[in-house]
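Observations on chain architecture
Letter by letter, the chains look like this.
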Amino acid sequence: MISVITGDIINSTKYDDPNIWLIPLKRALQTISSKSTSWEVFRGDSFQIEVTNVYKSLISAIYIKASVKMIKGLDVRIAIGIGTKTYSGDTITESNGSAFQNSGSVLENLKHTKTNLKIKGTVSIDDELNLYLKLIGILMDHWSVNSAEIVKLHLENENKIQKEIAKLIGISQDAVSKRMKRAYLDEILEVNAMFKSKIAQSII
C-alpha cells in the first residue's frame, strides 16, 4: 500500500512570475521526498507526489497546503489516493496502480464540488475520513499567510518548543501561541492522529 497526492494550485495565474509559487512548491515536495522521481510538477500548476508511508499522507498534504498558502492569494486543491502501485515509470506521472487512479479521480471530483481536500482508497472508512477532512479543510482554506507560516514551521521543527520557533521568525512566544491557535493547529494534528489510527485499522 502506498499513497499518492495529486493537486493543483488555485489562482496560479494571479502571478505573472510562476516562480513565486513554483519554487516553494518544489521545496515542499522535495522536503517530503528527496527522491526526484517520486514527484513532478506538470501542466504548469499541477503536481503529483508518491508518499510510500501511507501514515504520512495527510500530514504531507497539510505541509504542501501550508507552503502554498504562505503566498498571499494562493491556495491548493489536494487529492489523496491510497492503494497499490503496479507499474513504475521513468517519471511519477507515468506510473500506475490503484493509488494513482484513486488520486486522479478524486482531484477531478474536487474541481466540481469546490472542495480542496479529499481521500479515496480505503472504502470502509473513506466517508468517515472525508467528513473530518472536509472540516479541517474549511479551517485550512481560511489560513492567513501568518497561520500558514506557523504551521509550516511547526511541521519542519516538531521537536522545537514555541520559544525556539519564535526565535526563528523574530516574534514573541505569545505571538507564536496565538498564531497556532488561529491556525487551529492542535485540532488539525488531532485529526492527523485519528487519520493514522483509522488507516492502520483498515490495513490490518
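Residues numbered from 1 in each chain as written. Predicted model: local features only at pLDDT ≥ 70, side-chain atom pairs only at ≥ 80, totals over all residues. Heavy atoms only, no water.

**Description of the overall build of the protein**
Counting its regular elements, the protein contains eight helices and five strands. Counted from the first residue to the last, the protein has its helices and strands arranged as β-α-β-β-α-β-α-β-α-α-α-α-α. Here the C-alpha atoms of the protein give a radius of gyration of 16 Å, agreeing with the 17 Å that 2.2 N^0.38 yields for 204 residues. Each of the three principal axes of the protein carries a C-alpha extent, and together these read 50 × 40 × 30 Å. Buried positions account for 48% of the 204 residues belonging to the protein. (Helix = DSSP H or I, 4+ residues; strand = E, 2+ residues; numbered from the N terminus. Rg over C-alpha atoms; globule rule 2.2 N^0.38 Å. Buried < 20%, exposed > 50% of the residue type's maximum accessible area, 1.4 Å probe, protein only.)

**A closer look at the sheet that holds strand E2 (residues 39-42)**
The strand order E2-E3-E1-E4-E5 describes an open sheet built from five strands, whose pairing is mixed. What marks the edges here is a single partner per strand, and that holds for E2 and strand E5 (117-120). Put simply, the sheet's adjacent strands are angled 15 degrees from each other on average, direction ignored. Sheet analysis places E2 next to strand E3 (residues 46-51), joined by four bridges and oriented antiparallel. (Pairing = 2+ DSSP bridges. Axes fitted to C-alpha atoms, helices over the stretch in contact; angles between N-to-C directions.)

**Observations concerning the pairing of E5**
Look at any regular strand and the pattern is simple: side chains alternate between the two faces of the sheet. In E5, alternate side chains face the same way, and those of Leu117 and Ile119 are buried while those of Lys118 and Lys120 on the opposite face are not. Two strands pair when backbone bridges link them, and strand E4 (residues 75-83) and E5 are joined in this way by four bridges, in the parallel orientation. By the bridge assignment, Ile78 is partnered in E5 with Leu117. With respect to chirality, the unit in which E4 leads through helix H3 (residues 98-113) into the neighbouring parallel E5 is left-handed. (Right-handed = clockwise from strand over helix to strand, strands pointing away.)

**As for the confidence of the model for the protein**
Summary statistics for the protein give a mean pLDDT of 94 and a share of 100% for residues scoring 70 or more. Looking at the elements of the protein, mean pLDDT is at its lowest for H3, recorded as 92, and at its highest for helix H2 (residues 57-69), recorded as 98. (pLDDT = per-residue confidence, 0-100.)

**Topic: the packing of H2 against helix H8 (residues 185-203)**
Packed helix pairs are specified by the crossing angle of their axes together with the interaxial distance, meaning the distance between the axes. H8 packs onto H2 with a crossing angle of 150 degrees between their chain directions and a minimal axis gap of 9 Å. Judged on the interaxial angle alone, H8 and H2 are roughly antiparallel. Seen from H2, the contacting residues are Ser57, Leu58, Ile59 and Ile62; seen from H8, they are Ile188, Leu189, Val191, Asn192 and Phe195. (Parallel < 35°, antiparallel > 145°, perpendicular 65-115°, else oblique. Contact = heavy atoms within 4.5 Å.)

**Re the environment of Asn109**
Mapped onto the elements of the fold, Asn109 is located in helix H3. Here the alpha-carbon distance between Asn109 and Ala79, two residues 30 residues apart in the chain, equals 9.1 Å.

**Side note on empty space enclosed by the protein**
If you walk through the whole model with that rule in mind, you get one cavity of 30 Å³ or more. Volume-wise, the largest cavity comes out at about 40 Å³. Among the elements of the structure, H2 and E4 are those that each provide at least two residues to the lining of the largest cavity. By residue number, the principal contributor to the lining of the largest cavity is H2, which donates three residues. The residue inventory of the lining of the largest cavity, partitioned by class, reads six nonpolar, one polar and one charged. (1 Å grid on protein atoms, 1.4 Å probe; cavity = no way out; pocket = protein on both sides within 12 Å on 5 of 7 lines; lining within 4 Å. Points joined across faces, edges and corners; volume = space filled by probe spheres on them. Nonpolar A, V, L, I, M, F, W, Y, C, P; charged D, E, K, R; others polar.)

**Looking at the pattern of salt bridges**
Inspection of the entire model under this criterion finds 11 salt bridges. In this structure, the salt-bridge partner of Asp75 is Lys65, at a minimum N-O distance of 2.8 Å. Remark: Lys65 occurs in helix H2 and Asp75 occurs in strand E4; sequence separation between them is 10 residues. Assigned by exposure class, Asp75 and Lys65 land together as buried. We note a salt bridge from Lys111 to Glu108, for which the minimum N-O separation is 3.5 Å. With Lys111 and Glu108 both in helix H3, this residue pair falls three residues apart, about one helical turn. If you follow the salt bridges from partner to partner, you end up with Asp8, Arg77, Glu108 and Lys111 in one network. (Salt bridge = Lys/Arg side-chain N within 4 Å of Asp/Glu carboxyl O.)

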